[in-house]
Amino acid sequence: MTADVGHSPVVVSDPQAAALLLDARAVRVLGPFMGRALNIQAAAREAALPISTVQYRVRQLLACGLLRRAGLQRRAGRAMPLYEAPRALFVPFDSTPLDSDTVLSEASFQAWQRRLTRSIGAAWVEAAHPRRLGLHLIGTDDGLVSRNVEPEPDPAHPNSFFDHLLSDRAPAVWDSWGALHLTPAQAKALQRDLAGLMHRYHSVQDVGARAHLVRVALAPLVPDEDGP
């Protein structure tokens, strides 16, 4: 692979380099170098990692051609080497050691999925306090099972938790799964609505805003291997 810096993606065809880019920890180190020249100390500060960790990963990235030396930064005493990576990379599925595109997607986003799961869990506990959380299973008329993680249900107020969750007193958290039966036109309309909603809030940068992790997903349902 030739690591020329630019906005057009550099295609990563080397299997060793492709495998390294499936490692979220290696990508975390690579990020500060993408599209600009930095020394290791500066990259470590941006990535919030120990210098020794960044040094180890830099050696790996150099060996795979994902980083290149970009000169020296002059300073009092010893000059510091600068390293640079392409602004954008493209890893073809057939360059990876994975055996399916599904596994490729899972490997690429597993770090984000872990963070999302932890973040939802923490907010769910906060919203439920002081009631205890549990898994609520309800049989449906068509023989399936509806499952919700929620506080112990109150038979007198069956929807009280979700009403509370949407109130101003509760943290802004939501986690919902379900299958919708849509025509192709309805599915495309929903897809565009979701994309527009993400774009609308992505551009908001108000003072005092707190980072929220959001995942929006929509896909034609593929039957589960273990059943419908």
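Residues numbered from 1 in each chain as written. Predicted model: local features only at pLDDT ≥ 70, side-chain atom pairs only at ≥ 80, totals over all residues. Heavy atoms only, no water.

Per an unreviewed UniProt entry, the protein is named ArsR family transcriptional regulator, and its organism is Deinococcus multiflagellatus.

Visitor: Explain a positive patch on the surface residue by residue, including any values.
Guide: Taken together, the side chains of R28, R114, R115 and R118 make up a positively charged region of the molecular surface. Residue contributions to the positive patch peak at three residues, all from helix α5 (residues 101–128). Assignment of secondary structure puts R118 in helix α5. On the basis of relative accessible area, R118 is assigned to the exposed category, the value being 55%. (Patch = residues over 30% accessible without salt bridge, like charges linked within 9 Å, V, L, I, M, F, W, Y side chains within 5 Å. Areas by Shrake-Rupley, 256 points an atom, 1.4 Å probe, with all protein chains shown as cover. Salt bridge = Lys/Arg side-chain N within 4 Å of Asp/Glu carboxyl O. Lys, Arg positive; Asp, Glu negative; His and termini not counted. Charge placed at Lys NZ, Arg CZ, Asp CG, Glu CD. Helix = DSSP H or I, 4+ residues; strand = E, 2+ residues; numbered from the N terminus. Buried < 20%, exposed > 50% of the residue type's maximum accessible area, 1.4 Å probe, protein only.)

Visitor: Would you mind going over unusual backbone geometry in detail, with residue names and values included?
Guide: In this structure, the amide linkage connecting H129 to the following residue, P130, adopts the cis form with an omega of 10°. Mapped onto the elements of the fold, P130 is located in the loop between α5 and β5 (133–139). Positive phi values are uncommon outside glycine, yet A48 reaches one of about 55°.

Visitor: I'd like to hear about the pairing of strand β2 (residues 68–73), residue by residue, with values.
Guide: Note: β2 against strand β3 (residues 80–84), four bridges, orientation antiparallel. Paired with R69 across the strands is Y83, a residue of β3. The antiparallel hairpin formed by β2 and β3 contains six residues in its connecting segment, where G77 sits at a positive phi of about 95°. (Pairing = 2+ DSSP bridges.)

Visitor: Outline helix α3 (residues 40–47), supporting the account with residue identities and numerical values.
Guide: Residues I40, A42, A43, A44 and A47 constitute the buried set of α3. Where α3 is buried, its residues meet α2 (24–30), α4 (51–63) and β3. Here α3 starts with a cap whose side-chain oxygen sits 3.1 Å from the backbone nitrogen of Q41, and that cap is N39. Phi for A48, located one or two positions after α3, is positive at around 55°. (Contact = heavy atoms within 4.5 Å. Polar contact = N/O pair within 3.5 Å; in protein donor to acceptor, adjacent residues only side chain to side chain.)

Visitor: Before we move on, can you summarise a nonpolar patch on the surface with the specific residues and values?
Guide: Judged by side-chain polarity, V125, L133, L135, L137, V145 and V149 come together as a nonpolar surface patch covering roughly 530 Å² of accessible area. Its place among the elements puts L133 in strand β5.

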